Amino acid sequence: MLAARTGAAGSQIAEEHAKLRKQSGLSTGGKDKSPKKAPENGKDGSLSPSGQSQLRARQLALVREVEMNWYLKLYELSGEHTSAQATGMPHRNLGKSGLRVSCLGLGTWVTFGGQISDEVAERLMTIAYESGVNLFDTAEVYAAGKAEVILGSIIKKKGWRRSSLVITTKLYWGGKAETERGLSRKHIIEEIVRAMTHVINQGMAMYWGTSRWSAMEIMEAYSVARQFNMIPPVCEQAEYHLFQREKVEVQLPELYHKIGVGAMTWSPLACGIISGKYGNGVPESSRASLKCYQWLKERIVSEEGRKQQNKLKDLSPIAERLGCTLPQLAVAWCLRNEGVSSVLLGSSTPEQLIENLGAIQVLPKMTSHVVNEIDNILRNKPYSKKDYRS
């Protein structure tokens, strides 16, 4: 899948996963046997908006289960043949399209072709793939194109079926020449919607989406596509974490319900700020210590950065009570948003990736009570004039 950007990422694995399950006290396999929560009722006995949303979700899940059972029976297969069943990785539709993506994906920004070696990159992709991740994100600008090459080389070396993967890349910042950047038809092989429609019709991509576009720009692209019988975008890549909420929680839900655009979010740990590594300053080996990330260092040491670190300390008891780490809590918090199709993880070590993938086990614990606790600490919940979940 292509995304258009505006100009403004065997055995040892099993052992590592076993350690993770032991730390979290949860199992990565099997079904959730916890009692189902009854839907919330309104005062007149009818379902409240949140109760209706839960009912629709259960109905959709039942339909998908019936369809899957029918397919497996038809082809004499078992549930073990599906990656979701084997790994426990949930999958969601990308927006209102029929494309199913793992709710956690692996990004390559900063890491592939830069911060980590090709061997580590292969290790990370192997862990992700064997954990049920089918979504891998990159961009032509990442490491000046090296990230795309490394990702493709690993897939070829591993012999993974291309049909089992969803690869997303982004266009805008290309080469140094004027004709090697931007969103012209020459660069991406006219106008954005027409060019993206051409790319899909030529079989070079299956879907297209946007990255860091405003809601107005996305709506305009959709309108142009419908007016001229072309293909509209299916998702927007947006930054989303505990300290960045407005766009994903207020603006994108309206686009989802109106035109079916889903959210693929990135930086769930706020470029490592939520990882806890910056609680006592900027470590020499961290991303913020790199020369090209001076802006991140300035954000961390600023007054607002210190306030954020204090809030993270207040969130730590919640993570401890749930039996998880702070990063796992942060990723699960992003996933608890039903409007988020997938959260892209960025990890520089296998240990970090395995820890973040453990957020899947925390997700069932993200009750409304826990979410309210977190909101009371953050005090940054964006105001919405309309409940788009209804």
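Keep in mind that this is a model prediction, so the values were computed, not measured.

Basis of the calculations
- Residues numbered from 1 in each chain as written.
- Predicted model: local features only at pLDDT ≥ 70, side-chain atom pairs only at ≥ 80, totals over all residues.
- Heavy atoms only, no water.
- Helix = DSSP H or I, 4+ residues; strand = E, 2+ residues; numbered from the N terminus.
- Buried < 20%, exposed > 50% of the residue type's maximum accessible area, 1.4 Å probe, protein only.
- Areas by Shrake-Rupley, 256 points an atom, 1.4 Å probe, with all protein chains shown as cover.
- Expected span 1.5 Å × (residues − 1).
- Arc of directions from axis to C-beta.
- Contact = heavy atoms within 4.5 Å.
- Phe/Tyr/Trp six-rings, centres within 6.5 Å; stacked < 30°, edge-to-face > 60°.
- Pairing = 2+ DSSP bridges.
- Salt bridge = Lys/Arg side-chain N within 4 Å of Asp/Glu carboxyl O.
- Polar contact = N/O pair within 3.5 Å; in protein donor to acceptor, adjacent residues only side chain to side chain.
- Axes fitted to C-alpha atoms, helices over the stretch in contact; angles between N-to-C directions.
- Parallel < 35°, antiparallel > 145°, perpendicular 65-115°, else oblique.
- Left-handed = near helix turned anticlockwise from the far one by under 90°.
- Nonpolar A, V, L, I, M, F, W, Y, C, P; charged D, E, K, R; others polar.
- pLDDT = per-residue confidence, 0-100.

S.K.: Whenever I open this one, the overall build of the chain confuses me. Can you help?
M.R.: The number of helices and strands found in the chain is 16 helices and ten strands. With 390 residues in all, the chain has 46% of them scored as buried. For the chain, the accessible area works out to roughly 20700 Å², and carbon and sulfur atoms hold 52% of it.

S.K.: Got a minute to help me understand helix α9 (residues 215-227) in this structure?
M.R.: The α-helix winds at 3.6 residues per turn, so residues separated by three or four positions along the chain end up facing the same way. Taking 1.5 Å per residue, 13 residues should reach 18 Å; α9 reaches 18 Å between its end C-alpha atoms and fits that length. All of the buried residues in α9 are I218, A221, Y222 and A225. Looking straight down α9, one finds its buried side chains confined to an arc of 100°; they lie on one side. Across from the buried face of α9, at angles greater than 90 degrees, the exposed residues are M216, E220 and Q227. Looking at the packing, one finds that the buried side of α9 touches α8 (192-201), β7 (208-211), β8 (235-239) and α10 (246-259). Phi for N229, located one or two positions after α9, is positive at around 55°.

S.K.: I would appreciate a short explanation of the packing of aromatic side chains in the present structure.
M.R.: Here a ring pair, both rings aromatic, is described through the centre-centre distance and the interplanar angle of the planes. All chains considered together, the criterion is met by six aromatic pairs. With a centroid separation of 6.4 Å and 70° between ring planes, the pair formed by W208 and W213 is classed as edge-to-face. Considered together, W208 and W213 belong to a single accessibility category, that of buried residues. Measuring from centroid to centroid gives 5.7 Å for Y293 and W295, while their planes differ by 45°, and the two rings are tilted. Among the residues examined, Y293 registers a relative accessible area of 9% and is labelled buried. An aromatic cluster is present here, built from W109, W266, Y293 and W295 joined pairwise through their rings.

S.K.: Even after reading the chapter, I still don't get the pairing of β8, so can you show me in this structure?
M.R.: The two faces of the sheet receive side chains in turn, since in a regular strand these alternate between them. When you tally the buried positions in β8, you get four out of five residues, the bulk of the element. The pairing of β7 with β8 spans two bridges and is parallel. Bridge pairing links T210 to E236 in β8. Two strands pair when backbone bridges link them, and β8 and strand β9 (residues 262-266) are joined in this way by five bridges, in the parallel orientation. From the neighbouring strand, E239 faces β9, where its bridge partner is W266.

S.K.: Any chance you could explain the pattern of salt bridges here in plain terms?
M.R.: Note on pairing: side chains with opposite charge can pair once their charged atoms come close. The full count for this structure, using the stated rule, is ten salt bridges. Linking D375 and R245 is a salt bridge whose minimum nitrogen-to-oxygen distance equals 3.0 Å. Of the two residues, D375 sits in helix α16 (residues 368-378) while R245 sits in the loop between β8 and α10, which places them 130 residues apart along the sequence. As far as the burial class goes, D375 and R245 line up, both buried. Where R336 meets E249, a salt bridge forms, and the shortest distance between an N and an O atom there is 3.4 Å. In this pair, R336 sits in the loop between α13 (326-335) and β10 (340-345) while E249 sits in helix α10, placing the two residues 87 residues apart along the sequence. Assessed through its relative accessible area of 21%, R336 is described here as partly exposed. Judged by its relative accessible area of 16%, E249 is buried.

S.K.: Just to check I follow, could you spell out the side chain of D137 for this structure?
M.R.: Following the sequence through the fold, D137 ends up in strand β5 (residues 135-137). Overall, the relative accessible area of 0% leaves D137 in the buried class. In this structure the side chain of D137 is engaged in a polar contact, spanning 2.6 Å, whose partner is the side chain of T168.

S.K.: For this particular structure, what's the right way to read the packing of helix α12 (residues 303-322) against α16?
M.R.: The geometry of a pair of packed helices is captured by two quantities: the angle between their axes and the separation between those axes. Viewed as axis vectors pointing N to C, α12 and α16 meet at an angle of 165°, and their least axial separation amounts to 9 Å. The angle between α12 and α16 places the two elements in the roughly antiparallel class. Along this stretch, α12 crosses α16, giving a crossing that reads as right-handed. Residue-level inspection shows K311, D314, L315, I318, R321 and L322 of α12 in contact with α16, the latter providing V370, E373, I374, I377 and L378. Each residue belonging to the contact of α12 with α16 can be placed in one class, and the counts come to seven nonpolar, no polar and four charged.

S.K.: Please clarify how the confidence of the model for the chain should be interpreted in this entry.
M.R.: Note: predicted coordinates in regions of low pLDDT should not be interpreted at a detailed level. Mean pLDDT over the chain stands at 82; residues scoring 70 or higher make up 76%. Highest mean pLDDT in the chain belongs to α13 (98); lowest belongs to helix α1 (residues 11-24) (41). Note on residues 8-43: pLDDT is under 50 here. Beyond four places in sequence and across chains, it has 54 contacts. Taken as a whole, residues 185-189 scores under 50 in pLDDT and shows 20 contacts with residues more than four places along the chain or in a different chain.

S.K.: Please explain the environment of I259 as it appears in this structure.
M.R.: In this structure, I259 sits in helix α10. Its relative accessible area of 14% is what places I259 among the buried residues. For the pair formed by I259 and S223, sequence separation is 36 residues and the distance between their alpha carbons is 9.6 Å. Sequence-distant contacts of I259, that is, excluding residues within four places in its chain, are made with I218, M219 and Y222.

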